[in-house]
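Listed below, chain by chain, are the residues.
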Amino acid sequence: MADAGQAAKGPSRRRVLLKLSGEALMGEHEYGIDPEIVRGIAGQIAAAKSDGTEIAVVVGGGNIFRGLAASARGMDRSTGDYMGMLATVMNGLAIQDALEQAKCPTRVMSAIAMNEICEPYIRRRAERHLEKGRVVVMVAGTGNPYFTTDTAATLRAVEVHAQVILKATRVDGVYDADPETHPDARRYSQIGYTDLLSNRLQALDATAVSLAMDNEMPIVVFDMTVPGNITRAIAGERIGTLISGE
Ligand code: GTP
């Protein structure tokens, strides 16, 4: 009965879902995984965990393979997306390796069964790992093509009753226009889900935002290239842009 009550109430500790872009793992390179960068990320996660926060991680695969880009060049979209999901598994294993070198117990769980490499994603088991203080790295997206890693991150955050999604990117928040092409673009410190959707702002895809909105899951978009920002975001400091209800 205690278990059932706990599940209904949600976690007793602060629980966050950190979404890491695959591209962030390649650092200055054009492709692949930079071990130095991954070590830096792992160190920040390990530091943030010392206050007892439970941390789930969802990682993308764009540093290795992008299904959407491949489909634009003629590949079947589903095939491209499956290749992208496999890329996230490589990233997840690299993050696990770095986290465990930083003395942080970690479990990798995959939405696509590959039991020789990592555990299958089983929600209740993921929650137990989190309760036991393990970082849970969730890979292979949702296991389905046509869904982004942001959508996978939102789904997993809702499933494991995280309190917030921390979307770590290379931009320091949500802007009213693309800051790379519009130097006068302004950054929001906070924006509602519906404003994000109706203004077609590209920070997250619409499926992810709708799922977050329906489940009142706040999302913080922040710049992970600033040293210490991952630790700050996990600790709950107000950085970047908060996407939430109005
Ligand atoms: P507890 O049940 O809480 O003790 O969790 P645990 O993860 O320590 O125990 P378990 O015996 O389930 O796993 C021991 C190790 O095997 C961990 O590193 C798991 O990640 C790994 N492991 C568990 N299941 C699988 C699997 O299906 N495939 C692979 N490759 N590894 C697994």
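Refer to the structure above for everything that follows.
As the structure is a prediction and not an experimental result, all values here were calculated from the model. (Residues numbered from 1 in each chain as written. Predicted model: local features only at pLDDT ≥ 70, side-chain atom pairs only at ≥ 80, totals over all residues. Heavy atoms only, no water.)

**As for the environment of G133**
So, point 1. In this structure, G133 sits in the loop between α5 (123–131) and β5 (135–139).
So, point 2. Classification of G133 as partly exposed rests on a relative accessible area of 25%.
So, point 3. Separated by 100 residues in sequence, G133 and I33 have C-alpha atoms that sit 26 Å apart.
So, point 4. Here G133 is in contact with K49 and P105, once residues within four sequence places are set aside. (Helix = DSSP H or I, 4+ residues; strand = E, 2+ residues; numbered from the N terminus. Buried < 20%, exposed > 50% of the residue type's maximum accessible area, 1.4 Å probe, protein only. Contact = heavy atoms within 4.5 Å.)

**A short note on the pairing of strand β1 (residues 15–20)**
So, point 1. Of all six residues in β1, six are buried; the element is thus mostly enclosed.
So, point 2. Here β1 shows a buried face lined by R15, L17 and K19 and a second buried face lined by V16, L18 and L20.
So, point 3. Pairing of β1 with strand β2 (residues 54–59), which is carried by six bridges, proceeds in the parallel orientation. The residue bridging L17 from the neighbouring strand is A56, located in β2.
So, point 4. For the crossover from β1 across helix α2 (residues 35–49) to β2, the handedness is right-handed. (Pairing = 2+ DSSP bridges. Right-handed = clockwise from strand over helix to strand, strands pointing away.)

**Focus: the nonpolar core**
So, point 1. Counting 37 residues, the largest nonpolar core has L18, L20, I45 and F222 as the members making the most contacts within it.
So, point 2. Taken together, the elements giving at least two residues each to this core come down to β1, α2, β2, α4 (77–101), β5, β6 (164–169), β8 (219–223) and α9 (229–235).
So, point 3. One finds M138, I165, A212 and M217 within the second-largest nonpolar core, a separate group that totals 27 residues. (Core = buried A, V, L, I, M, F, W, Y, C linked by side-chain atoms within 4.5 Å.)

**Some words on α2**
Two residues of an α-helix separated by three or four positions point the same way, owing to the 3.6 residues in each turn.
So, point 1. The end-to-end C-alpha separation of α2 is 21 Å, in line with the 21 Å expected for 15 residues at 1.5 Å each.
So, point 2. Considered for burial, the residues of α2 that qualify are V38, I41, A42, Q44, I45, A48 and K49. Buried residues in α2, looked at end-on, bunch into an arc of 160°, giving them a common side. Away from the buried face of α2 by more than 90 degrees, exposed residues P35 and E36 are located. (Expected span 1.5 Å × (residues − 1). Arc of directions from axis to C-beta.)

**Some words on the sheet that holds β1**
Pairing between the strands of a sheet is mediated by backbone hydrogen bonds and can be parallel or antiparallel.
So, point 1. An order of β4-β3-β5-β2-β1-β6-β8-β9-β7 is seen for the nine strands of this open sheet, with the pairing classed as mixed. Among the strands making up the open sheet, the edge pair consists of β4 (119–120) and β7 (190–192).
So, point 2. As judged from the five bridges shared by strand β3 (residues 106–110) and β5, these two strands associate in the parallel manner. Note on β5: the bridge partner recorded for T106 is V135.
So, point 3. Sitting on the sheet, α2 touches β1, β2 and β5, and the angle it makes with β2 is about 155°.
So, point 4. Here α4 sits on the sheet in contact with β1, β2, β3 and β5, set at roughly 170° to β3. (Axes fitted to C-alpha atoms, helices over the stretch in contact; angles between N-to-C directions.)

**Overview of the packing of aromatic side chains**
So, point 1. Evaluation of the coordinates by the stated rule reveals zero aromatic pairs.
So, point 2. Cation over ring: R156 sits above Y121, and NZ or CZ is 3.7 Å from the ring centre. (Phe/Tyr/Trp six-rings, centres within 6.5 Å; stacked < 30°, edge-to-face > 60°. Lys NZ or Arg CZ within 6 Å of the ring centre and 35° of its normal.)

**Remarks on the pattern of salt bridges**
So, point 1. Inspection of every chain in the model, using the stated rule, returns 15 salt bridges.
So, point 2. Residue K19 pairs with D150 through a salt bridge whose shortest N-O separation is 2.9 Å. Taken as a pair, K19 in strand β1 and D150 in helix α6 (residues 149–159) lie far apart in primary sequence, 131 residues in all.
So, point 3. On the basis of relative accessible area, K19 is assigned to the buried category, the value being 6%.
So, point 4. Residue classification places D150 among the buried residues on the basis of a relative accessible area of 11%.
So, point 5. With a shortest N-O distance of 3.5 Å, R125 and E119 are connected by a salt bridge.
So, point 6. In this structure, a network of salt bridges that share partners links the residues R15, E54, R123 and E127. (Salt bridge = Lys/Arg side-chain N within 4 Å of Asp/Glu carboxyl O.)

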